[in-house]
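Spelled out, the chains give:
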Amino acid sequence: MSPQSHSQSPYLYSFTHVPGKGMGIVANYYIRRGTRIISDAPLFKIPNYTTDPAAVTSYVTKALKGKSKDEQRMFLSLFNAYPKDYMPFYGITKTNALPLGPDSEDAGLFLTVARLNHSCSPNTNHTWNSNTGTETIHAIRDILRGEEITICYIGSGKSSRDREGRRKELAAVFKFECHCTICDLPPEQSLASDSRRAEIEKLDEIVGQGDLLMLRASMALNSCRTMLRLMDEERIYDKRVSRIYYDAFQICIANGDVARASVFARKTVEERMICEGPDSVGLEDQKVFIENPQSHRLAGLSNIWKTGLENIREYDDQEEFNVWLWKRADS
Ligand SMILES: C[S@@+](CC[C@H](N)C(=O)[O-])C[C@H]1O[C@@H](n2cnc3c(N)ncnc32)[C@H](O)[C@@H]1O
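Cut-offs used in this document
- Residues numbered from 1 in each chain as written.
- Predicted model: local features only at pLDDT ≥ 70, side-chain atom pairs only at ≥ 80, totals over all residues.
- Heavy atoms only, no water.
- Near = heavy atom within 4 Å.
- Polar contact = N/O pair within 3.5 Å; in protein donor to acceptor, adjacent residues only side chain to side chain.
- Areas by Shrake-Rupley, 256 points an atom, 1.4 Å probe, with all protein chains shown as cover.
- Helix = DSSP H or I, 4+ residues; strand = E, 2+ residues; numbered from the N terminus.
- Nonpolar A, V, L, I, M, F, W, Y, C, P; charged D, E, K, R; others polar.
- Buried < 20%, exposed > 50% of the residue type's maximum accessible area, 1.4 Å probe, protein only.
- Contact = heavy atoms within 4.5 Å.
- Pairing = 2+ DSSP bridges.
- Axes fitted to C-alpha atoms, helices over the stretch in contact; angles between N-to-C directions.

**Q** Kindly report on the site of the ligand, identifying the contributing residues and their values.
**A** The environment of the ligand is made up of 16 residues, and the closest members are Lys21, Met23, Arg115, Asn117 and Phe174. One nitrogen or oxygen atom from the side chain of Arg115 is found 2.5 Å from an oxygen atom belonging to the ligand. A distance of 2.8 Å separates a nitrogen atom of the ligand from a polar atom in the side chain of Asn117. For the ligand, whose accessible area on its own is 570 Å², the fraction buried by protein is 93%. At the level of elements, strand 2 (22-27), helix 3 (88-96) and strand 7 (117-118) are the ones that each hand at least two residues to the shell around the ligand. Of the residues in the shell around the ligand, the class split is eight nonpolar, six polar and two charged.

**Q** Describe the side chain of Arg260, naming the residues involved and giving the relevant values.
**A** With respect to the secondary-structure elements, Arg260 resides in helix 9 (residues 258-276). Classification of Arg260 as buried rests on a relative accessible area of 3%. If we ignore the near neighbours within four places in the chain, the residues touching Arg260 are Cys252, Thr307, Trp324, Leu325, Lys327 and Arg328.

**Q** Please provide a residue-by-residue account of the sheet that holds strand 4 (residues 44-47), values included.
**A** The sheet built from three strands is open, its strands ordered 4-6-5 with antiparallel pairing. Both outer strands of the open sheet, strand 4 and strand 5 (98-99), are each paired with one neighbouring strand and no more. Along the sheet, helix 3 contacts strand 4, strand 5 and strand 6 (106-109); its crossing angle with strand 6, the most-contacted strand, is approximately 105°.

This is the structure:
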């Protein structure tokens, strides 16, 4: 698309044809990290566990009856990755519906979000926001004018998989071969990327073992730090960053380090604001921990790292501040 064709647009993005991918969405302007680009209400919701084509077809038929002709037409124009395998309503829904959160029993069909193509290194984060009743898309990196806006189709843990695994899943479910910046790396760099992603997944599992918070707190905190470094190297800036800061918060507060817990709580909130926005579900609960880390249920379990809020250090130099912040990971 030529820059002229969207230079007057009041919208942040345009729908356009993207070579090799069908339709896609590109930025009309330079979009800053943290910007909410899309907030899309579902055309309809559907039980996520329904995989029977006949049941889905009947469900969608009923849901479409209450919609306008334009909406029905827009639904029918969505991409169908299974034209030969299934009836259209099922094929379109299977290609485009998104679960409403990681453990949700429902999925939603979103007419705008459905046009976003996949990247294993996406420039946006997508989240179901039950406060607004919309699927939100936030820039997790600055996005250049004319750049394609992408999401990751693979669940966060799985997207850490190696190139082979990702390609297999995308080919099986979405019927395309991924040629994103990560998948098209030369062999040596691709192997390095695979091993970083495998390491992130492994460390995430380790930190997920609750008893580590107490028994091997430094090691758990060090795993958080390593994950953040590896994710930065992989340019992964999605909501996992906020989750890792929240893990670091919990490790610190469980061991009495109120000062560092407060800083990690602030980082958790800042990252969630970037990826999900100020109306993100549960954000207010986490904000409380910045001022009052001790209100967390793990506070007081141990006091081996005892500090108070007055011990938060201020440094002009970011590196010096980080040395202070992660000091417990080195003990
Ligand atoms: C949810 S739709 C995305 C929008 C779609 N491109 C369209 O034309 O409406 C998913 C389909 O888009 C295509 N697609 C998405 N990401 C792609 C990518 N990175 N490379 C090639 N095709 C892609 C695949 O055909 C996939 O089944």
